[in-house]
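Here is how the chains run, residue by residue.
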Amino acid sequence: MNVNSVEDDHTSSALDVIESPRKRMRLDTSARKSWSLMDRRTDTEVLQEMGVSLLEPEDGENNCDPTNNTHRQLKRKRDIENVNPNISRVISPPGKSSPGPSRKSPRSCDKLPLQPTEQLLDTTLTSAYLIEEETPLGQSVSAGYKHTSSGYSATTTSGKKLKEIERPSEEPVSVIGALASSRDTFSMLPDELVLSVLRWLPKRALAHCALVCKRLYRLACDETLWQRLDLGNKTLAKDALGRILARKPVIVRLASSEIGAWAPAACPPSRVQYLDLSMCSLDARTLEHALLACPALRKLSLESVALTAHAQRLLGKCTNLETLNLTMAQGITAEGLTCMLEGCAGLQSLNISWCNLSEAALNVLVTMLPPKLQRLNVSGARVMTDDMVAALVARCPRLLDLDVSDCSRLGVSALTALLALTRLEHLALSRCYLLPPHSLMKLSSMTSLQYLEVWGMLQSGSLNTLRKALPAIQLNQFMFSAIARPTIGTRRTSIWGLRTRD
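Everything numeric here is computed off the predicted structure, so don't read it as measured data.

Reading guide: rules and limits
Residues numbered from 1 in each chain as written. Predicted model: local features only at pLDDT ≥ 70, side-chain atom pairs only at ≥ 80, totals over all residues. Heavy atoms only, no water. Patch = residues over 30% accessible without salt bridge, like charges linked within 9 Å, V, L, I, M, F, W, Y side chains within 5 Å. Areas by Shrake-Rupley, 256 points an atom, 1.4 Å probe, with all protein chains shown as cover. Salt bridge = Lys/Arg side-chain N within 4 Å of Asp/Glu carboxyl O. Helix = DSSP H or I, 4+ residues; strand = E, 2+ residues; numbered from the N terminus. Buried < 20%, exposed > 50% of the residue type's maximum accessible area, 1.4 Å probe, protein only.

Chemist: Explanation requested: a nonpolar patch on the surface in the structure shown.
Modeler: Side chains of Phe186, Leu189 and Leu193 sit close together on the surface and give an oily, nonpolar patch of about 240 Å² of accessible area. Mapped onto the elements, Phe186 comes out in the loop between α7 (175-181) and α8 (191-198). Look at Phe186 and you get partly exposed, because its relative accessible area is 38%.

Pasting the structure below:
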């Protein structure tokens with residue numbers, strides 16, 4: 001080996017050391033076999049070689065520096081307050097730890113730059129919730145929050161706006177003033193919607209709503225809300241009947257009520273078609289004005305009501321009357337009955353039982369009844385004879401229901417005349433004691449007869465024999481008559497099958 005070769009070896013080794021920084025570092029620190037994380041300068045160089053420098057913020061500051069500990073504490077304080085608003089917003093001075101729970105972030109170097117202290121003090125509980133920096137979305141935001149006139153906005157490294165946080169107004173908001181200045185939304189509703197709401201209220205509530213304002217008074221008095229009125233067993237004050245009819249109802253029930261006096265100067269026509277005045281207490285003048293104000297009546301009940309001659313003439317003017325209940329009515333005369341039957345030509349159901357009619361009135365009745373009459377109750381007519389029954393059958397051949405109970409003068413001739421009613425379905429002969437039991441066998445020829453009432457006429461044995469003789473006819477099924485009666489049984493909320501309450 002010559003000297004030149006030795007020199008070449010030393011030169012090449014020196015060049016290797018100069019050209020390779022890692023070899024030079026190994027020669028300079030031969031005592032250390034590996035690099036340590038305790039050396040900051042070496043750590044920086046190694047991280048730069050690994051490309052970790054790309055994760056540093058754009059503005060070049062190192063958030064891992066110990067000088068930023070105070071800023072991190074303030075930032076963590078702000079995060080805790082955003083999560084838990086019950087923590088007081090008092091910023092701890094530098095060098096002191098803030099009260100409350102704390103949590104170390106595993107990626108504290110990736111947090112956003114800290115907001116200024118004055119900006120932190122401006123935030124309130126009404127501010128929007130900030131994006132959590134520890135989430136992937138929060139870590140992608142590197143430019144921080146930018147203060148604007150309306151609040152704060154977060155931007156990314158590309159300058160794209162992510163979220164804008166509104167800054168609360170410094171002026172106090174008056175809730176009472178806002179409500180006072182707001183517009184009444186109920187007044188904006190059309191009348192149709194208000195009427196649909198008022199339709200669900202009872203009549204007493206409607207009367208209370210009419211006292212609120214002029215508009216509700218006008219709507220509460222609408223005729224569509226007063227189609228049905230049930231004032232049974234009530235006490236009406238003076239002129240109250242006129243106010244009731246002014247609501248333009250169609251169905252009115254005033255049974256067993258005490259009606260105050262009503263004497264108007266003029267009686268405008270009402271819309272009442274179904275009126276129940278059974279057993280009510282009212283004077284003659286009030287009844288006359290009520291009949292005069294209701295010319296469109298179709299069904300009327302005047303049970304146990306005293307009728308004057310003028311009231312009977314007014315009944316004759318109700319030309320649309322179809323059903324009339326005059327049970328136990330007082331004061332009916334032959335002249336008044338003539339007026340009623342002449343005017344009410346379309347009458348189909350009539351109950352004139354127990355009215356103590358005279359013989360002249362009964363003759364008018366059987367000779368002037370409408371031919372289209374289908375149901376008739378003349379029970380309690382003690383003076384009715386067989387000839388009257390024959391005249392009645394000839395006048396009303398379409399009868400379906402006939403009640404001649406307690407007509408004590410009827411005999412076999414009357415029963416024979418009844419056989420001509422080929423459409424009769426229900427016949428009541430209760431307490432007609434002059435009819436022999438065997439004469440009832442003739443009723444087997446009436447093919448349409450379904451029910452026969454003979455209460456108080458036969459013993460149990462004779463009744464069983466009659467059932468066997470008339471197998472197609474049911475005996476004693478109805479003790480009381482329902483002809484032209486507004487209410488039947490326990491149905492106290494309807495008249496003639498029509499509801500009186502909404």
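Chemist: Whenever I open this one, unusual backbone geometry confuses me. Can you help?
Modeler: Excluding glycine, most residues fall at negative phi; most peptide bonds, likewise, are trans. For Asn233, which is not glycine, the phi torsion reads 60 degrees and is therefore positive. Looking at where Asn233 falls in the secondary structure, it is placed in the loop between β4 (228-230) and β5 (235-236). The phi angle at Asn476 is positive, at roughly 50 degrees, despite the residue not being glycine. Residue placement: Asn476 occurs in the loop between β16 (474-475) and β17 (494-495). On the accessibility criterion, Asn476 (16% relative accessible area) is buried.

Chemist: Teacher, can you tell me more about the pattern of salt bridges here?
Modeler: Oppositely charged side chains can pair when the atoms bearing their charge come close. Scanning all chains against the criterion turns up 9 salt bridges. Notably, a salt bridge pairs Asp191 with Arg218, separated by 3.3 Å at the nearest N-O pair. Placement of the pair is Asp191 in helix α8 and Arg218 in helix α10 (residues 214-220), with a sequence separation of 27 residues. On the basis of relative accessibility, which here comes to 47%, the residue Arg218 falls in the partly exposed class.

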